[in-house]
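Read off the chains here:
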Amino acid sequence: MTLPPAAAGNPLLDPTDRRVPVIPGPCGLVVFGATGDLARRKILPALYDLANRGLLPAGFAITGFARREQSTEDFIRHTHAAVASAARTPFRQRVWEQLAGSIRYVSGDVADPEAYGRLRQAVEAADAAQGTGGNRAFYLSVPPGVFPVVCKHLAASGLAGPGAIGPEPAEGSEGKPWHRVVIEKPFGRDGASAEALDATLGQVFPPEAIFRIDHYLGKETVRNIVVSRFANQLFEPLWNSHYVDHVQITMAENLGVGSRGGYYDGIGATRDVLQNHLLQLLALVAMERPASFGAADLRREKERVLAAVRLDGPVGEAAVRGQYVAGWQGNIAVRGFLEEDGIPDDSRTETYGAVKLAVDTPRWEGTPFYLRTGKRLGRRVTEIAVVLRRPDDGCPPGLDAEYLGANAVVFRIQPDEGMTLRIGAKVPETTLEVRDVTMDFAFGHAFTEALPEAYERLILDVLLGNDPLFPRATEVRESWRVIDQVEQYWASLPDGPEPYEAGTWGPAGAAQLLARDGRVWRRP
């Protein structure tokens, strides 16, 4: 293999060598909503953890923007408190002091043009002091409704867009500095609003500079799905409808809506989780082998499989919704959804959603995919269960397999991150009785390195411009194509969601969704 010129003298510069972590070039991150809950719990601690792991460049700057009136010193103290309470890695004073020296803060309203003038001054000062070269990413940790306002003012102020103003490229550099934008889900509330959002973002940022954060795709356990499939000869020959009976994808939460009642009402479980997280997981399970693990090839296969997804039957039979009522979570009595703060008494918002989907590709013809998500369920768990068919001719005569279930490959996304292989084995000291047993792989036991937080990986990918798993506009559009049918059907019904008791595993209709096919939901 012929090495690139830079790598010929130094093998560590070979871009195909994965032994050395890749560190972004000089750049800055501007965080809108910097004093909000997401920034405090996830973004700011993740930035410290990246610095602590040596994965941020020496020329790095953080600029916070929020309505709260405070000084940069106040914001540094706020950031220190966030790091102390939520950082994954140990606190090191030297690392903190270096990071704190790169922080600036601007107070203002996202709709105030003058605030963007002050922001521009702060960003340009950071460019000069930290040597960022004008490279910057804008993290919009604000309600989706204000995305258009922020983008308009970023362009008008010269902070981003075709007319953006920045330092002159250094001699020998590759050209103009880059500008990227990061947005959080939901990406619209239906297909039409998602397309309108794309059009707004596209006026300021090119498609490759728009990063849609789905934090589930930053989890190591999710990234392991594709690797496990294609790096192991054990799985790929069985990964088709000849051997797979069905697939179940579950994301269950044992908590209620809590303080998010005002946001959650009108959104619901299907838009909040199923449209993005679960359909993205389906794409990783069902996609064809990519030509490479590069971003373009991975994205191409995800788009193809999402374009082949459809509801498996009439909407009324292929989709179920529910809403939790008062019950018991363990030994604690909990309120129903309609008693939660900020929820009107007549809310028809679903807290549980389940669908039966088909994937119209030769690999998956006749194999249904069952997706479910909900709040106030039996426990907090996210898993993917690939359930195999039973042998056509059953077990050989003489084997007592009355209690033997179907083989299954289970990806445990959270908690207890890892994989489980369920097979049959002989019970000791019996004749030929066969029972289910499991073979387990746990990340915590197999690797000494603690799993990084999803936001660490995702923010690092943004700064690197590496987007293999960030959903692009086509993926979002195909996901809404499926979910819009469900939402429109539910909106036309006179009755609201089916009630289910808190602490259980959902409404009776969800069990019937599988019972019609002679199947049952797994108990995670």
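Here we summarise the structure given alongside this text. (Residues numbered from 1 in each chain as written. Predicted model: local features only at pLDDT ≥ 70, side-chain atom pairs only at ≥ 80, totals over all residues. Heavy atoms only, no water.)

So, the packing of aromatic side chains
Point 1. Summed over the entire model, instances satisfying the criterion amount to 15 aromatic pairs.
Point 2. A network of ring pairs unites the aromatic residues Tyr264, Tyr324, Phe337, Tyr352 and Tyr500 as a single cluster.
Point 3. The aromatic ring of Trp178 is capped on one face by Arg180, whose charged end is 3.7 Å from the ring centroid. (Phe/Tyr/Trp six-rings, centres within 6.5 Å; stacked < 30°, edge-to-face > 60°. Lys NZ or Arg CZ within 6 Å of the ring centre and 35° of its normal.)

Comments concerning the nonpolar core
Looking at soluble globular proteins, one finds that nonpolar side chains tend to be buried together.
Point 1. One finds Phe32, Phe205, Leu357, Phe369, Leu371 and Ile384 to be the most contacted residues of the largest nonpolar core, which totals 81 residues.
Point 2. The biggest single contributor to this core is helix 10 (residues 268-286), with 10 residues.
Point 3. For Leu357, the contacting residues outside a window of four places in its chain are Leu279, Leu282, Val309, Arg310, Leu311, Asp312, Thr367, Pro368, Phe369, Leu371 and Val482.
Point 4. Cys27, Ile103, Tyr105 and Ala137 belong to the second largest nonpolar core, which has 39 residues in total. (Core = buried A, V, L, I, M, F, W, Y, C linked by side-chain atoms within 4.5 Å. Buried < 20%, exposed > 50% of the residue type's maximum accessible area, 1.4 Å probe, protein only. Helix = DSSP H or I, 4+ residues; strand = E, 2+ residues; numbered from the N terminus. Contact = heavy atoms within 4.5 Å.)

As for the sheet that holds strand 3 (residues 103-107)
Point 1. The strand order 3-2-1-4-5-6 describes an open sheet built from 6 strands, whose pairing is parallel. Among the strands making up the open sheet, the edge pair consists of strand 3 and strand 6 (210-213). Across the sheet, the mean angle separating the axes of adjacent strands is 20° when strand polarity is ignored.
Point 2. One ladder, built from 6 bridges, connects strand 1 (residues 27-32) with strand 2 (residues 60-66); its direction is parallel. Residue pairing across strands places Val31 opposite Gly64, the latter belonging to strand 2. (Pairing = 2+ DSSP bridges. Axes fitted to C-alpha atoms, helices over the stretch in contact; angles between N-to-C directions.)

Remarks on the environment of Gly117
Point 1. Take Gly117: it is sitting in helix 5 (residues 113-130).
Point 2. Under the relative-accessibility criterion, Gly117 is labelled partly exposed at 33%.
Point 3. On a C-alpha basis, the gap between Gly117 and Arg457 in space is 31 Å, while along the polypeptide they are 340 residues apart.

Points about the pairing of strand 1
Point 1. Strand 1 sits mainly inside the fold: 6 of its 6 residues count as buried.
Point 2. As defined by bridge partners, strand 1 adjoins strand 4 (residues 136-140) across 5 bridges and the pair is classed as parallel. Bridge pairing links Phe32 to Leu140 in strand 4.

Re the packing of helix 2 (residues 37-52) against helix 14 (residues 454-464)
Point 1. Where helix 2 meets helix 14, the axes come as close as 9 Å, and the angle between the chain directions of the two elements is 70°. For the element pair helix 2 / helix 14, the angle class is roughly perpendicular. Helix 2 and helix 14 meet at a crossing whose hand is right-handed. Between helix 2 and helix 14, the residues in contact are Leu38, Lys42, Ile43, Ala46, Leu47, Asp49 and Leu50 and Tyr455, Glu456, Ile459 and Leu460, respectively.
Point 2. Taken together, the residues of the contact of helix 2 with helix 14 sort by class into 8 nonpolar, no polar and 3 charged. (Parallel < 35°, antiparallel > 145°, perpendicular 65-115°, else oblique. Left-handed = near helix turned anticlockwise from the far one by under 90°. Nonpolar A, V, L, I, M, F, W, Y, C, P; charged D, E, K, R; others polar.)

All quantities given are derived from atomic positions and should not be read as evidence of function.
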